[in-house]
Amino acid sequence: MKRILVDNQDFWIKLLGSELYGSLSRDICSNVITAHVDCIEETERYIQSLGHHTTERAQESDHWFSDVLFAPFYQIIVESYLQYSAISVDTFSILKNKESVLRQLIYDSIERIPRRVLIYDMHLCKSDGKLIGADSSEEYQHYCQNMLADVSYVHKLCSDYFEMTRLLVARMTYTIKYLEEMLRNIESSHMEITQQLCAGEEFHYITSLKITGTDRHQKGRKAAECTLDTGKKIVYKPHAMQKEIVYQVLYTYFCEHTGNRTVSYPVIDCRNYGIAGYIPAFPCENEQQVQEYFKGMGIHLFLCYLLHAGDMHQENIVASGMPVLVDAETIPGIQRRSPVRNAEDQVNERLGWNVLRTGILPFPVWRDRKKGVTISALHMVNEVYSPMKLPVVRNEKTSDMYVDYDYIKIAGRNSIPTYQGRQIGAGQYIQEVCEGFTSAYRFYMDNRVQIEELIEPLWHLDTRYLVRHTQQYAMYLSSSLHPMFMRTTEEHMLMLQVIQKKKCDMHVMKKELSSLLNMDTPLLSCRADEYVERYQNSAYETHRYLIDRFGPDDMKEQLDLIRLSLNMMDMDRLQNIYYDSKGNIT
């Protein structure tokens, strides 16, 4: 690795910073973080298998392949992998149209990995005069049809960019294994699904399967929406769902005693995985239901505050007539307790222990020096964009294609209620949100012992904690796919040493590196009663410290913050407005 650093010193100093570069170049063995890398041997065998078929040409396949960028390359990669791994489609007997679904899922899992390498290679071919065509579109077609459709050409690319190929093989391997595991678990839970999620109606096949969510964790695992042959939808989650059950019981208990209605969220917890009923976005039928919705959101806001939950953004709550919290991944939360020595410490202490932290109220997150973005469950805006520039492809399907960086539109939300065909902003129902929060706060204060007994199971379950925002991980993952880092695993690993710029516990950074090297978003978790070194605290002790502050003064302070946050949204002060370093609107 040291040779790589020395050979391109200026580049690595710019990337890593002079301090980290100096540390690595002085003693690479002691200062570089290393982690396990998957599928090295499998990649070597896969490249060999491609070499045995250098005279073959890509054959016609599923019609959707023709619409994707660099389609022949993906077609060869997917088909040759299926042949190389000798996968029996009979394994997926519960899945209708299994061959097509399998290819689509594999493609989806690898789509981003080779794109920058292929763009770079196409530019090299163009500069060498190897592309033929009357314009840039025809030159792109020539590159696809005469180079990427040639297995021998693809074999050479995969050999030259070994790390790219390793990531392709790892992703395809993860996808197949996860799909096998998911379908096996669904079949094992057939009776429970029929009885608890399908009202006793038998099903025989899964007619469609859609991988959902933004981040892949733990070898490519993500939630999946499955449509059964009965028309019912279920959601498979690759982790236990006992926390969702505990939270649903808790929320229902509060609603029953504060006079609010609820929407059922049926969940089957199977320890290592969970299966839930699909919760669709559903409109309110009248003005009273709109009011009830925001009172219910006020109760969610209190419970998330009580449990110090964070990251309760637009994807985690669904407006289905009433608000339904469908993801309890960060419940309960962990917070560091910092010593209060002066007025500034006192302000920071208050900022870290309030309702804004939940992610439900409009509040800017993902800040860099200039920009922030609001993605809260109650933030109503038509379009929300990432605060950091991420890679986007320009001039698609031409030989002038290139990767640019721009703010990316974040997927729309289902957490805002609708009535009479329009979305209803919380700014019009501040009183109802505050009523829900107040009623829940007072109910807790009057019934603390009984409620703590309902919460108690959470302390024996795992909870997720963050050391960096997930958007930071997304930047690392996208940047690591640059052709410079896709030739060797060592170059890829060196690039990811950037995680050392923000000092963390070495054990944590090794976990992060292991995930990032295999194109996963790191998922850090611990038991809720377990001490976490980074926070010098546990989720349980965080909760104990927080409830010791509860009382009339704290309730008033939180209500003031709720009104302030929602009033600012109503005044269009937080609707995805970006500020420059001088505070001017850009």
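Counting restarts for each chain: residues are numbered from 1 in the order of the written sequence. Owing to the predicted nature of the model, reporting of local features is limited to residues with pLDDT of at least 70; listing and counting of side-chain atom pairs is limited to 80 or more, with chain, interface and lining totals taken over all residues. Heavy atoms throughout the structure, all of them, feed into the side-chain values; hydrogens and water do not.

**Structural notes on the overall build of the protein**
From N to C terminus, the protein includes 22 helices and 15 strands. Sorting the 586 residues of the protein into buried and exposed places 54% on the buried side. Whether two residues touch is decided by their heavy atoms; if any such pair falls within 4.5 Å, the residues are in contact. A separation of at least 24 residues holds for 72% of the contacts in the protein among residues at least 6 apart in sequence. For the protein, the exposed area adds up to about 26,600 Å²; of that, 47% sits on carbon and sulfur atoms. A run of DSSP states H or I qualifies as a helix once it reaches four residues; a run of E qualifies as a strand once it reaches two. Both are numbered from the N-terminal end. Working definition: with a 1.4 Å probe on protein chains only, accessible area under 20% of the residue-type maximum means buried, over 50% means exposed, and in between means partly exposed. Accessible surface area values rest on a Shrake-Rupley calculation with a 1.4 Å probe, where residue burial reflects the displayed protein chains alone.

**Concerning the pattern of salt bridges**
Any carboxyl oxygen of Asp or Glu that lies within 4 Å of a side-chain nitrogen of Lys or Arg is treated as forming a salt bridge with it. Evaluation of the coordinates by the stated rule reveals 21 salt bridges. Close ionic contact of Glu163 with Arg166 constitutes a salt bridge, the shortest N to O distance being 2.7 Å. Here the residue Glu163 and the residue Arg166 both occupy positions in helix α11 (residues 162–188), the gap between them amounting to 3 residues, near one helical turn. Summarising the burial analysis for this pair, Glu163 and Arg166 share the class buried. Residue Asp406 pairs with Arg394 through a salt bridge whose shortest N-O separation is 2.8 Å. With Asp406 in strand β10 (residues 402–406) and Arg394 in strand β9 (residues 390–394), this residue pair connects regions lying 12 residues apart in the sequence.

**Some words on the side chain of Ser189**
As for its position among the elements, Ser189 is in the loop between α11 and α12 (190–197). Reaching out from Ser189, the side chain makes a polar contact with the side chain of Tyr273 at a distance of 2.7 Å. Not counting the four nearest positions on each side in its chain, Ser189 is found in contact with Cys270, Tyr273 and Ile275. Think of a polar contact as two N or O atoms within 3.5 Å of one another; within protein, one of them needs to be a possible hydrogen donor and the other a possible acceptor, and neighboring residues in sequence only count if both atoms come from side chains.

**Topic: α12**
Of the residues making up α12, those classed as buried are Ile193, Thr194 and Leu197. One side of α12 carries all its buried residues, which in axial view fall inside an arc of 115°. In this structure, α12 carries Met191 and Gln195 as exposed residues pointing more than 90 degrees from its buried face. Backbone geometry just downstream of α12 places Ala199 in the positive-phi region, at approximately 55°. This arc is built from the directions going out from the helix axis to the C-beta atoms.

**As for the pairing of strand β6 (residues 317–320)**
Neither face of β6 is open: one carries Ile317 and Ala319, the other Val318 and Ser320, and all of them are buried. A loop of 1 residue connects β6 with strand β7 (residues 322–325), the two strands running antiparallel in sequence, and Gly321 in this loop sits at a positive phi of about 80°. Here, strands pair whenever DSSP counts at least two bridges between them.

**Side note on the packing of aromatic side chains**
We call Phe, Tyr and Trp rings a pair once their centres come within 6.5 Å, taking the six-membered ring for Trp, and we label the pair stacked below 30 degrees between planes, edge-to-face above 60, and tilted otherwise. What the rule picks out here adds up to 30 aromatic pairs. Summarising the aromatic geometry, the rings of Tyr305 and Phe437 are spaced 6.3 Å apart at their centres and angled 40° between planes, so their arrangement reads as tilted. In this pair, Tyr305 is assigned in helix α14 (residues 287–306) and Phe437 in helix α16 (residues 430–446), connecting sequence segments 132 residues apart. Among the aromatic residues, those joined into a cluster by ring pairs are Tyr253, Phe254, Phe302, Tyr305, Phe437, Tyr441, Phe443, Tyr444 and Phe550. Criterion for a charge above a ring: Arg CZ or Lys NZ at most 6 Å from the ring centre, at most 35 degrees from the ring normal. Between the NZ or CZ atom of Lys96 and the centre of the ring of Tyr205, over which it lies, the distance is 4.4 Å. Note that Lys233 overlies the ring of Tyr278, its terminal NZ or CZ placed 4.6 Å from the centroid.

**Brief notes about the side chain of Glu452**
On the secondary structure map, Glu452 appears in helix α17 (residues 448–455). A relative accessible area of 14% places Glu452 in the buried class.

**Section: the environment of Gly17**
Among the structural elements, Gly17 can be located in the loop between α2 (9–16) and α3 (18–26). Apart from the residues lying within four places of it in its own chain, the contact partners of Gly17 are Trp12 and Lys501.

**Overview of the sheet that holds strand β1 (residues 206–211)**
In spatial order, the strands read β1-β2-β3-β5-β4; together these 5 strands make up an open sheet with antiparallel pairing. For this open sheet the edge positions go to β1 and β4 (267–269), each flanked by a neighbour on one side alone. Sheet twist, expressed as the mean angle between neighbouring strand axes with direction ignored, is 20°. With 5 bridges connecting them, β1 and strand β2 (residues 224–228) associate as antiparallel partners. Residue pairing across strands places Leu209 opposite Cys226, the latter belonging to β2. All axes are obtained by fitting lines to C-alpha atoms, using only the stretch in contact for helices, and the reported angles, taken between N-to-C directions, cover 0 to 180 degrees.

**Some thoughts on the confidence of the model for the protein**
On average, residues of the protein carry a pLDDT of 87, and 89% of them reach 70 or more. Per-residue pLDDT stays below 50 along residues 54–60; that stretch engages in 15 contacts with residues further than four places along the chain or on separate chains. For every residue, the pLDDT score states the predictor's confidence, bounded by 0 at the bottom and 100 at the top. Predicted confidence for residues 571–586 stays below pLDDT 50, and this span has 38 contacts to residues more than four positions away or in other chains.

**A few points about the environment of Tyr236**
Relative to the elements of secondary structure, Tyr236 occurs in strand β3 (residues 233–237). Remark: the alpha-carbon pair of Tyr236 and Cys226, spanning 10 residues in sequence, is separated by 7.4 Å. In contact with Tyr236, not counting residues within four places along its chain, are Tyr178, Glu181, Met182, Asn185, Ile186, Ala223, Ala224, Tyr273, Gly274 and Ile275. Here Asn185 takes part through its side chain, which lies 2.9 Å from a polar atom of the side chain of Tyr236.

**Things to note about helix α7 (residues 98–110)**
Helix span, expected: 1.5 Å multiplied by one less than the number of residues in the helix. Taking 1.5 Å of rise per residue, the 13 residues of α7 would be expected to cover 18 Å, and the 18 Å separating its terminal C-alpha atoms lies within 8% of that figure. All of the buried residues in α7 are Val101, Leu102, Arg103, Leu105, Ile106, Tyr107, Ser109 and Ile110. Looking at the packing, one finds that the buried side of α7 touches α6 (71–85), α11 and β1.

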